[in-house]
Amino acid sequence: MTPTRPKIIFFDIDDTLFIKTQNCLAPNTKTALLALKNQGIIPAIATGRGRCVFPPCINELIDEIGIELFITINGQYNEYQGKLLSHFPLNHQQIHRTTAHLHTKRIAYGYMTANEIIGFDETPAMTEALTSLHIPYRIDKVENFDKNTPVYQLLAFYDDNKNASFDLGHHLSDDLKSTRWHKLGVDILDKHGSKARGIQMTLDKLGLDMADVWAFGDGLNDIEMLSSVGFGVAMGNAHSNLKAVADFVCPNHSDDGIYQALIMLGVI
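The eight strands are arranged β7-β6-β5-β4-β1-β14-β15-β16 in an open sheet whose pairing can be described as mixed. Strands with a single pairing partner mark the edges of an open sheet, and in this sheet they are β7 (83–87) and β16 (248–249). Pairing geometry for strand β1 (residues 8–11) and strand β14 (residues 213–217), over four bridges, is parallel. Counted as the bridge partner of I8 is V213 from β14. Lying over the sheet, helix α6 (residues 195–206) contacts β1, β4 (42–46), β5 (69–72), β6 (77–80), β7 and β14, oriented at roughly 150 degrees with respect to β5. Each of β1, β14 and β16 is contacted by helix α9 (residues 257–264), which is oriented at about 145 degrees to β14, the strand it contacts most.

This is the structure we're talking about:
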């Protein structure tokens, strides 16, 4: 079946647009996104990252292409043309209850705000998870944090294999969920939070439908997004669970998968 021609295409960052092991973009990524924009198709970003921790090469791409639509922090903070469209901070009870448990289990954790990532009680797991994705962060004491600052996501840093007796999912309240993004890193966010929710709320304000949207991704936090949009593309390097829900699997990110897919699907 030939997919409907998109009006917007959302791209994940890590291991989709961004080759994290090489700290760069694939050679023809910029060409692909420029071609989309020249045809009136909006290139957009949907990522687990906050704007404050985008890789430099992604910020350069944004400036050169003129990207204006961002679904960030797994749909918890969303912007269009420099304006906040929707946001979903965690409440104080969610934060306190979860971090108290992590502290008891001696698991390092951090906060993701709109402006930075703050880590508490730095451990090798925290350092490896964040630096492997070139994510800037700072370390502080939790008592120094201004509780009036919105926290959109919690980050926990632990290895499943080394914490066999600890299953985070069993210790979260019913209004939270977790998604692993690194062998040592886990996102903790609102139960209803996802890139898909951020996209849907954005489309509602733009007067568009999910049928008008395509999305590219590679990770577990892309499952809701690829399952919800009109046409979902998994990278060749994607997690097998994501490939299972995708409409199309393209070559690896390092093999110019985005560029090749858009040509194969007749978009550019």
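Having seen the model, we can carry on.
Taking 1.5 Å per residue as the helical rise, helix α3 (residues 92–104) with its 13 residues ought to reach 18 Å, and the 18 Å between its terminal C-alpha atoms agrees with that figure. Those residues of α3 lying buried are Q94, I95, T98, T99 and L102. Down the axis of α3, the smallest arc covering the buried residues is 100 degrees, so these residues share one side. Residues of α3 that are exposed and point over 90 degrees away from its buried face: H92, Q93, H96, H103 and T104. Measuring from the backbone nitrogen of Q93 back to the side-chain oxygen at the start of α3 gives 3.1 Å, which picks out N91 as the cap. Just past α3, the residue R106 takes up positive phi, approximately 60 degrees.

The element β4 is largely enclosed, with a buried count of four among its five residues. Taken together, the four bridges between β1 and β4 define a ladder with parallel strand orientation. Each residue of the ladder has a partner; that of F11, found in β4, is I45. Following the chain from β4 across helix α2 (residues 56–65) to the adjacent parallel β5, one finds a crossover that is right-handed.

Turning our attention to the environment of L242. Looking at where L242 falls in the secondary structure, it is placed in helix α8 (residues 240–243). Residue L242 is classed as buried on the basis of its relative accessible area of 0%. Each C-alpha atom, one on L242 and one on E224, is 9.2 Å from the other, the two residues being 18 residues apart in sequence. When neighbours within four sequence positions are excluded, L242 is seen to be in contact with G217, D218, G219, D222, I223, L226 and A234.

In terms of nonpolar packing, the biggest core is built from 29 residues, with I45, I58 and F216 touching the most fellow members. Setting aside chain neighbours within four positions, we find I45 in contact with F10, F11, I13, L17, F54, I58, I62, I67, L69, F70 and I71. Counting 21 residues, the second-largest nonpolar core is a separate cluster that includes F10, M210, A215 and A246.

On to the pairing of β7, then. Strand direction decides the pairing type here: β6 and β7, joined by four bridges, are antiparallel. In the sheet register, N78 faces β7, and the bridge partner there is S86. What sits between β6 and β7 in their antiparallel hairpin is a turn of two residues, with Q81 showing a positive phi close to 50 degrees.

Conventions used here
Residues numbered from 1 in each chain as written. Predicted model: local features only at pLDDT ≥ 70, side-chain atom pairs only at ≥ 80, totals over all residues. Heavy atoms only, no water. Pairing = 2+ DSSP bridges. Helix = DSSP H or I, 4+ residues; strand = E, 2+ residues; numbered from the N terminus. Contact = heavy atoms within 4.5 Å. Axes fitted to C-alpha atoms, helices over the stretch in contact; angles between N-to-C directions. Expected span 1.5 Å × (residues − 1). Buried < 20%, exposed > 50% of the residue type's maximum accessible area, 1.4 Å probe, protein only. Arc of directions from axis to C-beta. Polar contact = N/O pair within 3.5 Å; in protein donor to acceptor, adjacent residues only side chain to side chain. Right-handed = clockwise from strand over helix to strand, strands pointing away. Core = buried A, V, L, I, M, F, W, Y, C linked by side-chain atoms within 4.5 Å.

Note that every value here comes from positions in space, so none of it alone points to a role or purpose.
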